[in-house]
Amino acid sequence: ASASKSSNIVSILVIPNLALGSISLPNSEKISYFISDDVENLFIGSNQGNIYSFSIPNTQLQLIYSNVNKRPVEFMHYWKKNQSVFYTASGGFNHSNWDGKRFTQSILNEGSLKDVFLVNEKLGYCAFNYGISKIVNAEKGLKITYEDSLLKRAHCVAKNLETGTLYAGLSEGLFLLRKK
C-alpha cells in the first residue's frame, strides 16, 4: 500500500492481489510519481518524463504521454470530477483530459506545479514556483488567475471551506488570505 496526498484528505491505495508483483517500466525508466484515478488505474510518471497508465485489474501498462525533453515528472494530481490530470514535466505545468483510454494534452506552461487543492468541479487552487493561482474550469477550458498578494515561491496550498480562508505555504512562511 502507498499513501497519496489528495486535496483535503489522505487516501491509501490498496493493491489486493499480491500476485501482481512489481511494476516495471521499459528502458530502465524509474517511477518518479504516481497517482490513482477513480476506477482502479494508476497514472505513473517516470524519470524520463513519460506518463503511463497501469490498469490494476488487467495489469496492463500503456504509454499515454511521451516527453521528448526527458525531464522527470515531478508532480501529478487527478481532478476526478473533470477527468483531468495536472502534472509538471518539460519545465512547465500541463493539463490533460483522461477518458479512460486516451490522454488529450493541453500545455499551459504556467510554471512548475507543486500542489493542488480542489474545491469542487469548477474551482481549485494551485501552488506554483511563482505563487498561488486560482484555477476555474469554464466551458472554454481552464482559466488561471493569480492571487496578487501571494506571488512568491509556493510549496503547498489549502482552503478552509467553512471559513473561506486560503492557506499558502510560501518560501517566506505560511500566509493566510481571509475571505472579505
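Analysis parameters
Residues numbered from 1 in each chain as written. Predicted model: local features only at pLDDT ≥ 70, side-chain atom pairs only at ≥ 80, totals over all residues. Heavy atoms only, no water. Buried < 20%, exposed > 50% of the residue type's maximum accessible area, 1.4 Å probe, protein only. Helix = DSSP H or I, 4+ residues; strand = E, 2+ residues; numbered from the N terminus. Pairing = 2+ DSSP bridges. Core = buried A, V, L, I, M, F, W, Y, C linked by side-chain atoms within 4.5 Å. Contact = heavy atoms within 4.5 Å. Lys, Arg positive; Asp, Glu negative; His and termini not counted. Salt bridge = Lys/Arg side-chain N within 4 Å of Asp/Glu carboxyl O. Axes fitted to C-alpha atoms, helices over the stretch in contact; angles between N-to-C directions.

1. So, the pairing of strand E11 (residues 113-118)
Reasoning step 1: Of all six residues that make up E11, five are buried, and the element is covered over most of its length.
Reasoning step 2: The sheet contact formed by E11 and strand E12 (residues 123-128) spans five bridges and is antiparallel. From the neighbouring strand, Phe117 faces E12, where its bridge partner is Tyr125.
Reasoning step 3: A loop of four residues connects E11 with E12, the two strands running antiparallel in sequence.

2. Observations concerning the nonpolar core
For soluble globular proteins, nonpolar side chains are generally found buried alongside one another.
Reasoning step 1: Phe43, Ile51, Met76, Val85, Tyr87, Trp98 and Phe103 are the most contacted members of the largest nonpolar core, which totals 13 residues.
Reasoning step 2: Taken together, the elements giving at least two residues each to this core come down to strand E6 (60-65), strand E7 (75-79) and strand E8 (84-89).
Reasoning step 3: For this core, the leading source of residues is E8, giving three residues.
Reasoning step 4: Not counting residues within four places of it along the chain, the set of residues in contact with Tyr87 comprises Ile51, Tyr65, Phe75, Met76, Gly92, Phe93, Asn94, Ser96, Phe103, Gln105 and Leu113.
Reasoning step 5: Trp79, Phe93, Leu118 and Cys126 belong to the second-largest nonpolar core, a separate cluster that totals eleven residues.

3. Quick look at the side chain of Asp37
Reasoning step 1: Mapped onto the secondary structure, Asp37 falls in the loop between strand E3 (31-36) and strand E4 (41-46).
Reasoning step 2: Buried within the structure, Asp37 lacks any salt-bridge partner; its nearest side chain of opposite charge belongs to Lys80, at an N-O separation of 9.4 Å.

4. Focus: the sheet that holds strand E16 (residues 166-170)
Reasoning step 1: A sheet is described by the order of its strands in space; here three strands give the open sequence E15-E16-E17, paired in antiparallel fashion. In the strand order of this sheet, the two ends are held by strand E15 (154-159) and strand E17 (173-177), each with one partner. Neighbouring strand axes in the sheet, compared pairwise and without regard to direction, differ in orientation by 20 degrees on average.
Reasoning step 2: By the bridge criterion, five bridges tie E16 to E17 in an arrangement that is antiparallel.

5. Considering unusual backbone geometry
Both trends apply: most residues other than glycine have a negative phi, and most peptide bonds are in trans.
Reasoning step 1: Within the chain, Asn27 stands out as a residue other than glycine whose phi angle is a positive 55 degrees.
Reasoning step 2: Structurally, the position occupied by Asn27 is in the loop between strand E2 (10-13) and E3.
Reasoning step 3: Residues other than glycine seldom take positive phi values, yet Ser28 does so here, at roughly 60 degrees.
Reasoning step 4: Within the fold, Ser28 resides in the loop between E2 and E3.

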